[in-house]
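Listed below are the residues making up each chain.
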Amino acid sequence: MIHRKKISEVLIENDLDIIVASSPQNVFYLSGLESLTQRLLGQKAFAIWQKDLSNPILVLPAVDASIIVDTNVPYNSVYTYGNFFLYEGTELSPSDRAVQNIKNENNFENPILALLSAINSLPLTSGTIAIEKSGFSFSEIDELTHGLTFNIVAAENLLSELRQIKNKNEVKRLKKAVEINQNAIEKAITIVELGMTEQALAKCYESELISQGAYPLFTAIGFGSHGAYPHAVPGARTLERGDLIRFDVGCTYANYSSDIARTFSFGEPEPTLQKKYEVLNGSMDRGIDLLCDGVSTDVIFNSVVDYVNEYGSKLFPKFNRNHVGHGIGIDVYDRPTISPGMGILKSGMILCIEPPYYELGTAGIQVEDEVHITPKGVKRLSHCDPTLLVL
């Protein structure tokens, strides 16, 4: 997953010696390491890049040494902290010995001491390092400042910019994630029947995700008027004739996300709902058609909202949105958000485009597709039906 060339370019362009990631998402992005202890217990893990390194330096809890061996995470060196008791039998395999060596070789009392040792082991020239400060308390930042002779700047925006452009391996994982997500929705709607509950439909959807190697991130499924609740929690509500069924669902595959939305009708819908669906889908298509390298988020946002207000003026009240989409990657909401003033879109971005409509007391109607901006134009990774599908 690692963008070695791009990371080095960012360091050189910003006259930085190193960049340090501290959040689980950015540690994974810079290294491929997923620290279970960091995610589950909130303990610290860091990934460090210097422009001349071919692999990152890792700082992690001693107990996570086995994860490096199991997943073959590439690294320049590893610094661990804390103690964990691993007892040795009479016969140790090479991987057993590797776990013990990683755990014990550069072990420190706490994560800040380990990080300071790792940074000070590097030949630094510019005098400036970028650190993702969100992973530290104020006292820890103060400890770092006193333990280093370098200027510290925030790395959050740099890491966010790095993650906006996806490489080939990331695109491959994102394509697989959305493929599984679509498959799970298509499987779920085959079991739809009168009187079934939202919970039953959600269970089928999530089971299909897992069977294909993905994991549920969020499952908002609502029948009828409950579908107008933006984050509808599937419950005991039963399906009736004429209900719309709204899916807004996400999953993760190999640490990369998918987020799509679909709306179906159980039995023939009211004509007005059919027309509203077609206008919303048309507005999404309009926004997708305009996506290209160099277009602003303002253009896409305005095109989607203006389309609804132009072609749906007799169907909707004045239509507006906070946003009409977002980037997607390791996080469901990667930058940029597709709303006014959020910047210029670039080739290599993968985005979700969505114009949902929630009408309390009636229904929710939502379409959302994922797309990839390429040098040759935009490629759709998912395909919403242009008309409201009747089940």
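Everything below is about the structure shown above.
What counts and how
Residues numbered from 1 in each chain as written. Predicted model: local features only at pLDDT ≥ 70, side-chain atom pairs only at ≥ 80, totals over all residues. Heavy atoms only, no water. Helix = DSSP H or I, 4+ residues; strand = E, 2+ residues; numbered from the N terminus. Buried < 20%, exposed > 50% of the residue type's maximum accessible area, 1.4 Å probe, protein only. Contact = heavy atoms within 4.5 Å. Areas by Shrake-Rupley, 256 points an atom, 1.4 Å probe, with all protein chains shown as cover. Lys, Arg positive; Asp, Glu negative; His and termini not counted. Charge placed at Lys NZ, Arg CZ, Asp CG, Glu CD. Pairing = 2+ DSSP bridges. Phe/Tyr/Trp six-rings, centres within 6.5 Å; stacked < 30°, edge-to-face > 60°. Lys NZ or Arg CZ within 6 Å of the ring centre and 35° of its normal.

Caption draft 1: Representation of the overall build of the chain. When you go through the chain residue by residue, the secondary structure sums to 12 helices and 18 strands. Projecting the C-alpha coordinates of the chain onto the three principal axes gives extents of approximately 70 × 50 × 40 Å. Relative to its full complement of 391 residues, the chain shows a buried share of 54%. Taking all contacts inside the chain whose residues are at least 6 apart in sequence as the whole, residues at least 24 apart take part in 66%. For the chain, the exposed surface amounts to about 17,500 Å²; the carbon and sulfur share of it is 51%. Seen as two clouds, the 33 positive and the 47 negative side-chain charges of the chain have centres 5 Å apart.

Caption draft 2: Just the pairing of strand E10 (residues 256-265), in detail. Judged by how many residues are buried, E10 sits mostly within the fold: 10 of 10 residues are covered. The two faces of E10 match: Tyr-256, Ser-258, Ile-260, Arg-262 and Phe-264 on one face and Ser-257, Asp-259, Ala-261, Thr-263 and Ser-265 on the other face are all buried. The sheet contact formed by strand E9 (residues 244-253) and E10 spans 10 bridges and is antiparallel. Within E10, the residue paired with Asp-248 across the bridge is Ala-261.

Caption draft 3: Main features of the packing of aromatic side chains. Under the counting rule described, the total for this entry stands at 8 aromatic pairs. An angle of 90 degrees between the planes, with centres 5.9 Å apart, marks the rings of Phe-247 and Phe-264 as edge-to-face. Of this pair, Phe-247 sits in strand E9 while Phe-264 sits in strand E10, and the two are 17 residues apart along the sequence. Both residues of the pair, Phe-247 and Phe-264, belong to the buried class. Judged by centre distance (4.5 Å) and plane angle (35 degrees), the rings of Tyr-307 and Tyr-311 are tilted. Of this pair, Tyr-307 and Tyr-311 both sit in helix H12 (residues 297-311), separated by 4 residues, roughly a single helical turn. Given the relative accessible area of 16%, Tyr-307 is considered buried. What makes Tyr-311 partly exposed here is its relative accessible area of 46%. Each member of the aromatic cluster is reached from another via a ring pair, and the members are Tyr-205, Phe-247 and Phe-264. It is Lys-276 that lies over the ring of Phe-316; its NZ or CZ is 5.8 Å from the centre.

Caption draft 4: How the structure looks around the environment of Ala-220. Within the element layout of this structure, Ala-220 appears in strand E8 (residues 215-223). With 125 residues separating them in the primary sequence, Ala-220 and Leu-345 have C-alpha atoms 28 Å apart. With residues up to four places along the chain from it excluded, the contact list for Ala-220 reads Pro-230, His-231, Ala-232, Arg-246, Phe-247, Asp-248 and Val-249.

Caption draft 5: Spatial organisation of helix H8 (residues 156-164). Here H8 has its buried residues at Leu-158, Leu-159, Ser-160, Leu-162, Arg-163 and Gln-164. On its buried face, H8 sits against helix H1 (4-13), strand E1 (18-21), helix H2 (24-31), strand E6 (128-131) and strand E12 (334-337).

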